[in-house]
Amino acid sequence: MSFLYSLRLTRWGIAGFSALAFALTLLQSVGFYQIVGHTPAERAAFGRSMAQLAAQFTVLIAAPIRPDTVGGYVQWRAYSFFAILFAIWALVSAYGAARGDEERGLVEQVLATGTARTDALVTRVLGFAAGCVVAVTVAALGVEAGVSGAHESIGIDSLAGVSVNLLGLALCCYALTMLVCQFAASRYATAASAIVLLGLFLLNSLSRQLDQLSAWRWLSPFRYYDLSQPLAPGGTFDVRGVEALFGSAAVMTVVAAVAFSYRDVGSPLVRIPVAPHHVLREPDRNPVWRVPVLRGLYERRAGLAVWTIGVALLGVLMVILTKNIVEPLLGLAQLRPYFNLFITSGIYPSFLGFIWFGFAQLLIAGYAIAQVARWSAEDTDGRLEAVLSNPISRRGVLIERATVVMIGALVVAAASGVAVGIESHAQSIDLNQGRLISASLLLVPMAMFFAAIGALLVSLLPRATVGLLGGFAFVSYFIVQLAPIFHWPSWTQDLSAFHLYGQPLSSGVDITGLVMMLIVAAVGFAVSALLMERRDVGA
């Protein structure tokens, strides 16, 4: 496999994440000057407020250094988020290289040319590394463009340091996903890799609050990423931490290459032994496979179980954190204007709606994107052709897909709502049960919002769907964050599903937002049905 061919396979991811990184650093840099004030006293007060606020959320992101400066603010607001963003990119890209290409038959074609397995894997790693170099460089250019407009500057050494640190984390996450994919079966590789990365992220973040985890956080690559904050004045560039990231990435790449050389294409390295059984050449007699929708849910039962349990546990964790966070924050008079933006009724319901359901929206969007990624894979690997040959109409396939996503999202939302309700009662947080049910169920139309846009993209550009939909989700999220800072018109916020969701736990259901989400979902699936009828499968 040539290096240029590897770049070609990842071109959509490189373009999308580079554009997103540039936009985020540019907007955060420019936005800093919109809210920081004009006098040294105003800047100092702003920095103290942000430091006090961030201190209560260290369970999620590292505490900032000098948030009263543009470097410290961008390091905290942009590059802390990039740890998650680039880890997701690494996860999706590495799975595509390790397992997705196998399902599409690309790996067999490459190996048939005489290319060694280790060379093929290392080339994919180098291709991703080159793409990351582009993305982190463009992100640094966004910072420079943002501060130059205010006649300030950030040193080249600081920009280079934060870029190298982010590159090391991305490569480490990519190599780790590659390694996990060698040991996990194809259908479970994505879930297994996501669980490992999420576990390492939570290990690092929770260790800031739980002393019993601090002895183990050296296992997490996110720990070494947090050691360097070179953009902030007085921040450091931890050479050993960066060396640990690149060193572990190199070691895991070598181990993954060796594992790949010993396993069969399409199979995990270690197969679980099973008892001898008779070979059956007849169709499976399980009646579930003959019932539309049920067969889709049955096929996705393992992934749905992981999503349901994971989101419910995170909901419980967020309730506990809300209880511990709110009381210290209420004593900070400087932050009261900020709290007034989302406290509309009771204090605890408002905070829980802001913290948990804000995070739950991202999770349910991620669930929808995962389902859309499966549709895109089925379009390109031949499974959709097999389904249509049954015969099943294309419109029937689309209706079944939409129904499966809706029921799956309902299961995830209902389980998380029950878990949050039980834990809130245990923490003596008084919630309106009707609003809790509404807030949980409102996650279903949000999932359908993203699924409909994904279905439309699958009908147009199946290979680029995941990257485009993921980029749209992140842009949609940051519209809500940045629109108040830049005083954008209210209609711009209506472009975001996160704004349409509203604050149902504290303010009740926003009927207008709900109707708009349902209209987008209906129109998206209807248009995708028309487009799907008119194009060739896999084209």
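Residues numbered from 1 in each chain as written. Predicted model: local features only at pLDDT ≥ 70, side-chain atom pairs only at ≥ 80, totals over all residues. Heavy atoms only, no water.

S.K.: I'd like to hear about the overall build of the protein, residue by residue, with values.
M.R.: Helices and strands together make up the secondary structure of the protein, namely 23 helices and zero strands. Computed over the C-alpha atoms, the radius of gyration of the protein is 24 Å, within 12% of the 24 Å expected from 2.2 N^0.38 for a compact globule of 539 residues. Seen along its three principal axes, the alpha-carbon backbone of the protein occupies a region of about 75 × 50 × 45 Å. Burial status across the protein gives 49% buried among its 539 residues. Of all intrachain contacts in the protein linking residues separated by at least 6 positions in sequence, the fraction that spans at least 24 positions is 76%. Summing over all exposed atoms, the protein offers an accessible surface of approximately 24500 Å²; the carbon and sulfur share of this is 66%. Here the protein holds 34 positive side-chain charges and 30 negative ones, and the gap between their average locations is 4 Å. (Helix = DSSP H or I, 4+ residues; strand = E, 2+ residues; numbered from the N terminus. Rg over C-alpha atoms; globule rule 2.2 N^0.38 Å. Buried < 20%, exposed > 50% of the residue type's maximum accessible area, 1.4 Å probe, protein only. Contact = heavy atoms within 4.5 Å. Areas by Shrake-Rupley, 256 points an atom, 1.4 Å probe, with all protein chains shown as cover. Lys, Arg positive; Asp, Glu negative; His and termini not counted. Charge placed at Lys NZ, Arg CZ, Asp CG, Glu CD.)

S.K.: So what's going on with helix α17 (residues 433-441)? Residues and values would help.
M.R.: Residues of α17 that are buried: Leu-436, Ala-439 and Ser-440. The arc enclosing the buried residues of α17, seen along the axis, measures out at 100°, which places them on a common side. Where α17 begins, the capping side chain belongs to Asn-432, and its oxygen is found 3.0 Å from the backbone nitrogen of Gly-434. (Arc of directions from axis to C-beta. Polar contact = N/O pair within 3.5 Å; in protein donor to acceptor, adjacent residues only side chain to side chain.)

S.K.: Account for helix α4 (residues 70-104), naming residues and giving values.
M.R.: Largest kink in α4: about 45°, centred on Gly-96. When you tally the buried positions in α4, you get 28 out of 35 residues, the bulk of the element. Positive phi shows up at Gly-105, right after α4, with a value of about 85°. (Bend = angle between axes of the 7 residues up to and from the residue.)

S.K.: Give a description of unusual backbone geometry that names residues and reports values.
M.R.: Phi is positive for Arg-66, which is not a glycine, with a value near 50°. Tracing the sequence through the fold places Arg-66 in the loop between α3 (40-55) and α4. The class for Arg-66 is partly exposed, based on a relative accessible area of 39%. The backbone of Val-293 shows a phi angle near 75°, a positive value even though the residue is not glycine. Its location among the elements puts Val-293 in the loop between α10 (239-262) and α11 (294-299). The class for Val-293 is buried, based on a relative accessible area of 17%.

S.K.: Describe the pattern of salt bridges, listing the residues and the values that go with them.
M.R.: Summed over all chains, the structure comprises six salt bridges. Residues Glu-152 and Arg-43 are paired through a salt bridge, measuring 3.3 Å at the closest nitrogen-oxygen approach. Of this pair, Glu-152 sits in the loop between α6 (117-148) and α7 (156-183) while Arg-43 sits in helix α3, placing them 109 residues apart in sequence. Three or more residues are tied together by salt bridges with common partners; here these are Glu-299, Arg-300 and Arg-374. (Salt bridge = Lys/Arg side-chain N within 4 Å of Asp/Glu carboxyl O.)

S.K.: Any chance you could break down the nonpolar core for me, citing the residues and the numbers?
M.R.: With 77 residues, the main nonpolar core has Tyr-79, Phe-82 and Phe-86 as its most contacted residues. If one sorts the elements of this core by residue count, α4 sits on top with 19 residues. When residues no more than four places from it in sequence are discounted, the contact partners of Tyr-79 are Thr-25, Val-74, Ala-139, Ala-140, Val-143, Val-162, Leu-166, Tyr-225 and Leu-231. Counting 56 residues, the second-largest nonpolar core is a separate cluster that includes Leu-398, Val-405, Val-420 and Ala-447. (Core = buried A, V, L, I, M, F, W, Y, C linked by side-chain atoms within 4.5 Å.)

S.K.: Please give an account of the side chain of Gln-75 that cites residues and values.
M.R.: Its location among the elements puts Gln-75 in helix α4. Classification of Gln-75 by relative accessible area gives buried; the value is 4%. Looking at Gln-75, its side chain comes within polar contact range of the main-chain nitrogen of Leu-231, at 3.2 Å. Excluding residues within four positions of it along the chain, Gln-75 makes contact with Ser-80, Val-162, Ser-228, Gln-229, Pro-230, Leu-231 and Ala-232.

S.K.: Talk me through the packing of aromatic side chains; I want residue IDs and the actual numbers.
M.R.: Counted under the stated rule, the structure contains 21 aromatic pairs. Between Phe-86 and Trp-89 the ring centres are 5.7 Å apart and the planes differ by 65°, which places this aromatic pair in the edge-to-face class. Of the two residues, Phe-86 and Trp-89 both sit in helix α4, three residues apart, roughly one turn of that helix. Here Phe-86 matches Trp-89 in class, with each residue buried. Measuring from ring centre to ring centre gives 5.5 Å for Tyr-477 and Phe-498, while their planes differ by 85°; the resulting arrangement is edge-to-face. Taken together, the residues Tyr-477 in helix α19 (residues 465-486) and Phe-498 in helix α21 (residues 497-501) connect sequence positions 21 residues apart. Owing to a relative accessible area of 21%, Tyr-477 belongs among the partly exposed residues under this scheme. Taking the relative accessible area as the measure of exposure, Phe-498 reaches 7% and is therefore buried. Counting every residue linked through ring pairs, the aromatic cluster contains Phe-17, Tyr-79, Phe-82, Phe-86, Trp-89, Phe-128 and Tyr-174. (Phe/Tyr/Trp six-rings, centres within 6.5 Å; stacked < 30°, edge-to-face > 60°.)

The analysis is restricted to geometry; functional conclusions fall outside its scope.
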